[in-house]
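Single-letter residue listing:
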Amino acid sequence: MTADQAGPRDTAPGPAQTAPVRGPAQTAPAQTAPAPVVIIGAGPVGVTAALLLARRGIRTVILERHQDVYPLPRAVATDDEVRRILQAAGVGEEFAAIARPANGLRLLDARHRVMAEFRRSEHGHHGYPQTSMFDQPELERLLRDALAQRPECELRGGVEVTGVGPDPTGPVRVTYRDDDGEHHLWAEAVLGCDGAGSLTRAAIGAEWEDLRFEERWTVIDVRTKADVRCWEGVDQVCDPHRPATFMRVGEDRYRWEFRLQEGQEPVRELIAPWLSPSYDGDFDVVRETQYTFRARVADRWRSGRVFLLGDAAHLTPPFIGQGLCSGLRDAYNLTWKLARVLGQGGDERLLDTYESERKPHARHAIRLAVAMGWAMTGGQDGAAALRRRILAVACRMPGLTAVAGRDLSPPLTAGPLVRRRMRKSLVGTHCPQPWVTLDGRRTRLDELLGDSFTVLTAAEPWPSLRALAHGLGVPAIPVSDLRDDGTLAAWLRAGRADAVLLRPDRVVMDVVPAGRHDFTDTAAWASLLHTTRSPDPSPRTVENSLPRSAAR
């Protein structure tokens, strides 16, 4: 009997010793144990989620329609927070080799005169340049290379997922098809990283909430050795008749985006303002395609143990470069919580905080992108000219560009894992990541802290705080022991905190206000951090590398 005649089969991932890419002619051996996590989609969000889970000992099976990385460029910009996430996924140094720091963003008028400039630093809060340009196929290849090194991960390429069956009482069934027929996987959790046309979103009954932006644009990627006029950052041309975006992506790679109009000019005419009129050398159009830029958020991101991430959960216009960034933030926010529940018997309520934390954050980024779109185009209605005049005046106001150019990632909203009792507090913000020195070795802070919760203190931990840290099973570290450049002490001082409790994603969960001895809301979060099992040993554990004063 052939595989097709045999009908559907229930399968689970094979022994966790290799990370093969399974082609359509291969199937995994039948197993009784369910796959801990099935990830649908092997784009940057899906693979990063798998790597983050693997580093916490959680096995994954990734189902992907294509056999190889999509070869054409799409996302081209990222920020320092997302570079920190890539560091956590184990590809920080590899990404640094393909990334190009950018100066920031400028708003230009129709004659390409600078209206406003939003500078981005090469030394951001998270330890990386605040804006970096890159080529998405290169990012995806290095992520796939890292995936192949993880025995916890299995990538099955050339398959089509046809069904996801959320079951609140047990494992989730995922049905997929390959050349051998139809198969079932049973999973403890499913991550839908399957893009804007997400089958997972339809499976959980989620619908789009329209944030009222939809425009057709053409995107042009070019490779040339021409002396292209650029400032090593992003230019947004605020011309209602021909709004455009331009940026340098690599050594000889550039991107232009233009809102579509009737009778579109040839590429060479569209980009003529950026080239010397006399240039007639090499000019390779790598990609020219049309997109409909939309602003949308799914009305629900979870059903039981099925979750939406990335474009499956939210769509944004690209004007502030936060599309892929938002998806990778989704992965980082969810994976440590999911690993704690699956791997350590953590409280299921942790998973409720994924949507409540990420949805407002993603919505904020989308609204900023929509506002930038309105700044560029002025909109289509009768008030468009007035809005453009107001923008021009606002861009000349002292200090406004500095405020607008601050971190695009606001603090998380208050919730079970963000205990904000005071209006101005470090709670919900990220801890900075300076270089630290321990035993003569210089490293980034997160590499020292590993994947656990951590208490950082402005002075030597006092007995009650040490007892609390011991009860939680986390280190308590005075920042003076870390021998950084003073960044951490200054950060605590500015936040009027004597100590902070950092989550595994380096978000401040609670603080000990200056002059006090206790966290502000221990009773509210203590039960959420309870686990029934110890985590598996991890290469990123800090037990043997922390100063003696940080002993648990």
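This report concerns the structure included in the present document.

Let us look at the overall build of the chain. For the chain, the count of helices and strands is 15 helices and 27 strands. In the chain, which comprises 552 residues, the proportion classed as buried is 55%. Considering only residue pairs separated by 6 or more positions, the chain has 71% of its internal contacts joining residues 24 or more positions apart. Of the roughly 23600 Å² that the chain leaves accessible, carbon and sulfur atoms contribute 50%.

Turning next to the pairing of strand 16 (residues 244-248). Of all five residues in strand 16, five are buried, a share of seventy percent or more. Alternating residues of strand 16 divide into Ala244, Phe246 and Arg248 and Thr245 and Met247, and every residue in both groups is buried. In the sheet, strand 15 (residues 234-237) pairs with strand 16 via four bridges, with the strands oriented antiparallel. Among the inter-strand pairings, Val234 is bridged to a residue of strand 16, identified as Met247. In this antiparallel pair of consecutive strands, strand 15 and strand 16, the connection spans six residues. Looking at chain direction, strand 16 and strand 17 (residues 253-259) are connected through five bridges and run antiparallel. Each bridged residue has a counterpart across the sheet, and for Thr245 the counterpart in strand 17 is Glu257. Where strand 16 folds back on strand 17, the antiparallel hairpin that results is connected by four residues.

It is worth spelling out the packing of helix 2 (residues 44-54) against helix 5 (residues 136-148) at this point. Viewed as axis vectors pointing N to C, helix 2 and helix 5 meet at an angle of 30°, and their least axial separation amounts to 10 Å. Considering the angle they form, helix 2 stands roughly parallel to helix 5. At the point where helix 2 passes helix 5, the crossing takes the left-handed sense. For the pair formed by helix 2 and helix 5, the contact residues are Pro44, Val47, Thr48, Ala50 and Leu51 on the first element and Gln136, Leu139, Glu140, Leu143, Arg144, Ala146 and Leu147 on the second. Within the contact of helix 2 with helix 5, the residues separate by chemical class into eight nonpolar, two polar and two charged.

On to the side chain of Arg242. In this structure, Arg242 sits in the loop between strand 15 and strand 16. Within the local environment of Arg242, its side chain forms a polar contact with the backbone oxygen of Arg259, the two atoms lying 3.4 Å apart. Beyond its immediate chain neighbours, meaning those up to four positions away, Arg242 contacts Val237, Phe258, Arg259, Gln261, Gln264, Glu265 and Leu270.

Read across the open sheet, the eight strands follow the order 8-7-15-16-17-14-18-21; overall the sheet is mixed. At either end of the open sheet lies a strand with only one pairing partner, and these are strand 8 (114-119) and strand 21 (314-315). One ladder, built from 13 bridges, connects strand 14 (residues 208-223) with strand 18 (residues 284-298); its direction is antiparallel. When the bridges of strand 18 are listed, Ile220 appears paired with Glu288. In this fold helix 9 (residues 349-377) packs onto strand 7 (104-108), strand 14, strand 15, strand 16, strand 17, strand 18 and strand 21, with an angle of close to 65° to the strand it touches most, strand 14.

So, about the sheet that holds strand 6 (residues 100-101). One open sheet accounts for three strands, arranged 5-9-6; its pairing is antiparallel. Where the open sheet ends on each side, the last strands, each with one partner, are strand 5 (77-79) and strand 6. Against the sheet, helix 3 (residues 80-88) contacts strand 5 and strand 9 (131-133), and its axis sits at roughly 85° relative to strand 5.

With that out of the way, let us pick up the packing of helix 8 (residues 323-344) against helix 9. It is the contact of helix 8 with helix 9, at a shortest axis distance of 10 Å, that shows an interaxial angle of 170°. Between helix 8 and helix 9, the crossing angle belongs to the class labelled roughly antiparallel. Every residue of helix 9 that contacts helix 8 at Ser326, Arg329, Asp330, Asn333, Leu334, Lys337, Leu338, Arg340 and Val341 is listed here: Leu350, Leu351, Thr353, Tyr354, Glu357, Arg358, His361 and Ala365. Within the contact of helix 8 with helix 9, the residues separate by chemical class into seven nonpolar, four polar and six charged.

Another aspect to go through is the packing of aromatic side chains. Counted under the stated rule, the structure contains 16 aromatic pairs. Arranged with centres 5.5 Å apart and planes meeting at 40°, the rings of Phe246 and Trp274 form a pair that is tilted. Highlighted residues: Phe246 in strand 16 and Trp274 in the loop between helix 7 (267-270) and strand 18, separated in sequence by 28 residues. By way of ring pairs, the aromatic residues Phe213, Trp217, Tyr291, Phe293 and Phe319 are connected into one cluster.

With five of its six residues buried, strand 26 (residues 497-502) lies for the most part within the structure. Examined bridge by bridge, strand 24 (residues 454-457) and strand 26 share four bridges and lie antiparallel to one another. Its bridge partner lying in strand 26, Thr454 is registered against Leu502. Once strand 26 ends, the chain turns through five residues before running back antiparallel as strand 27 (residues 508-513), passing Arg506 with a positive phi of about 70°.

Definitions and limits used
- Residues numbered from 1 in each chain as written.
- Predicted model: local features only at pLDDT ≥ 70, side-chain atom pairs only at ≥ 80, totals over all residues.
- Heavy atoms only, no water.
- Helix = DSSP H or I, 4+ residues; strand = E, 2+ residues; numbered from the N terminus.
- Buried < 20%, exposed > 50% of the residue type's maximum accessible area, 1.4 Å probe, protein only.
- Contact = heavy atoms within 4.5 Å.
- Areas by Shrake-Rupley, 256 points an atom, 1.4 Å probe, with all protein chains shown as cover.
- Pairing = 2+ DSSP bridges.
- Axes fitted to C-alpha atoms, helices over the stretch in contact; angles between N-to-C directions.
- Parallel < 35°, antiparallel > 145°, perpendicular 65-115°, else oblique.
- Left-handed = near helix turned anticlockwise from the far one by under 90°.
- Nonpolar A, V, L, I, M, F, W, Y, C, P; charged D, E, K, R; others polar.
- Polar contact = N/O pair within 3.5 Å; in protein donor to acceptor, adjacent residues only side chain to side chain.
- Phe/Tyr/Trp six-rings, centres within 6.5 Å; stacked < 30°, edge-to-face > 60°.

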